[in-house]
Amino acid sequence: KADLPLMRSGQALIGFLRPLGSAEVVHQIAQAGVTAFSVELMPRTTRAQSMDALSSMGTICGYKATLLAAETSPRIFPMMTTAAGTITPARVFVIGAGVAGLQAISTARRLGAVASAYDMRPAAKEQVQSLGGRFVELPIEAQNAQDARGYGTAQDETFYARQRELLTRVVAESDVVITAAVIPGKKSPVLITADMVKGMAPGSVIVDLAAERGGNCELTRTGETVVVHGVTIIGAINLATSVPYHASQMYSRNMEKLLGHLLGKEGAGLELDAADEITRAIVITRGGEIVDARLAGVVLGSAKEAAQ
């Protein structure tokens, strides 16, 4: 908020702007005449891959979530043959097999844990199995499970209630649960209830990567670590900042590629080609207006709510 009064017409703003969750701020940015680019709206295409900062940060978050779980858990992750006999490997269950979830699976496997995962998108099954994880299939089908960008879509409460019911046994059998089910612009769906936490063994760990948007676990406290029924629930946010060296390196490379795409040749400045899929996807304000149709609807809705 302190930055908003400093903005002026003709400026370009590039970054993580959380447009679908910050309608009022986006409206003020538009009024200032700023051309704003929201990098989390980058399309998931081969051409845009080198500019996809959201995937870069998601990769780090998935990696760090598994390390946090391993450090917190009272169990050793890998199977070991010791002087005291064989130690069985930890069981890690990942809910949400997007970029962060897949990296969590991969890291858990490298640490020697037995990894399994669930995602309502059928396409995720092959990706999970390619990393050596077991895909948990539930006898329930989501309607329009993913949008055009490959992200999971919000479902009705009936679906989530049935999903929780079917996930209860898997969660109870797991030593670590990492949740990464995020719906862009919406509150994170509750996938683990207080009763499900109560059914887990003491010493179990939940790392909730959806904590910033309310959390996938009913007992998650944003930005905090709590222990309930003997289960440690980690609600850390912005985990990428805990690995600053490579997070900064990856983000700067993404921005370098994006600027190279946006800037004209020979110092001509920004060249905004409305026909270009990348530019069209990430520009949210221009010429004093909100140009993203979906975002404009969100801002209009927020304005009506405030008026009422």
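Refer to the structure presented above.
What you see is a predicted model; the values in this text were computed from it and never measured.

(A) Inspection of the overall build of the chain at higher detail. Regarding its fold elements, the chain presents nine helices and 13 strands. Within the chain, buried positions represent 45% of all 308 residues. Within the chain, counting contacts between residues at least 6 apart in sequence, those at least 24 apart form 62% of the total. For the chain, the accessible surface area stands at approximately 15700 Å², while carbon and sulfur atoms represent 52% of it.

(B) Main features of the sheet that holds strand E7 (residues 134–135). Sheet architecture is open: seven strands sit in the order E7-E6-E5-E8-E9-E11-E10, paired in mixed fashion. Sheet topology places E7 and strand E10 (225–228) at the edges, where each strand pairs with a single neighbour. Most of the contacts of helix H5 (residues 157–172) go to strand E5 (residues 91–95), to which it runs at about 170 degrees, and overall it touches E5, strand E6 (114–118) and strand E8 (176–179).

(C) Here's a closer look at the pattern of salt bridges. In total, this model carries 10 salt bridges according to the counting rule given. Here Asp175 and Arg75 are joined by a salt bridge, their closest N and O atoms 3.5 Å apart. Of this pair, Asp175 sits in the loop between H5 and E8 while Arg75 sits in the loop between helix H2 (53–72) and strand E3 (80–82), and the two are 100 residues apart along the sequence. Overall, the relative accessible area of 33% leaves Arg75 in the partly exposed class. Across the pair Arg91 and Asp175 runs a salt bridge whose closest N-O atoms are separated by 3.4 Å.

(D) Molecular detail of the pairing of E8. With burial as the criterion, each face of E8 is covered, one bearing Val176 and Ile178 and the other bearing Val177 and Thr179. Here four bridges tie E5 to E8, and the two strands are oriented parallel to one another. Residue pairing in the sheet places Ile95 in a bridge with Thr179 of E8. Pairing of E8 with strand E9 (residues 205–208) involves four bridges; the strand directions are parallel. Pairing of Val177 across the sheet is with Ile206, part of E9.

(E) View of the sheet that holds strand E1 (residues 12–15). Spatially, the four strands line up as an open sheet ordered E1-E2-E12-E13, and their pairing is mixed. The strands lining the two open edges of the sheet, one partner per strand, are E1 and strand E13 (289–290). Relative to strand E12 (residues 283–286), strand E2 (residues 35–38) runs antiparallel, the two being bridged by two bridges. Paired with Phe37 across the strands is Val283, a residue of E12. Running over the sheet, helix H7 (residues 244–262) touches E1 and E2 and is turned about 140 degrees from E1.

What counts, and at which threshold
Starting afresh in each chain, residues are numbered from 1 along the sequence in its written order. Residue-level local features of this predicted model are given only where pLDDT is at least 70; pairs of side-chain atoms are given and counted only at 80 or more, and the full residue set underlies all totals for whole chains, interfaces and linings. Hydrogens and water are ignored here; the side-chain numbers use all heavy atoms of the structure. Comment: elements are numbered from the N terminus, with helices defined as DSSP H or I runs of at least four residues and strands as E runs of at least two. The rule is simple: take the accessible area with a 1.4 Å probe, protein chains only, and divide by the maximum for that residue type; under 20% is buried, over 50% is exposed, in between is partly exposed. Whether two residues are in contact is decided by their heavy atoms, any of which lying within 4.5 Å being enough. Working definition of accessibility: Shrake-Rupley area with a 1.4 Å probe, residue cover restricted to the visible protein chains. Here a strand pair is declared whenever DSSP counts at least two bridges between the two strands. As a rule, the C-alpha atoms of each element are fitted with a line to give its axis, helices using only the stretch in contact, and angles between N-to-C directions run from 0 to 180 degrees. Salt bridge, as applied in this entry: a Lys or Arg side-chain nitrogen positioned within 4 Å of an Asp or Glu carboxyl oxygen.

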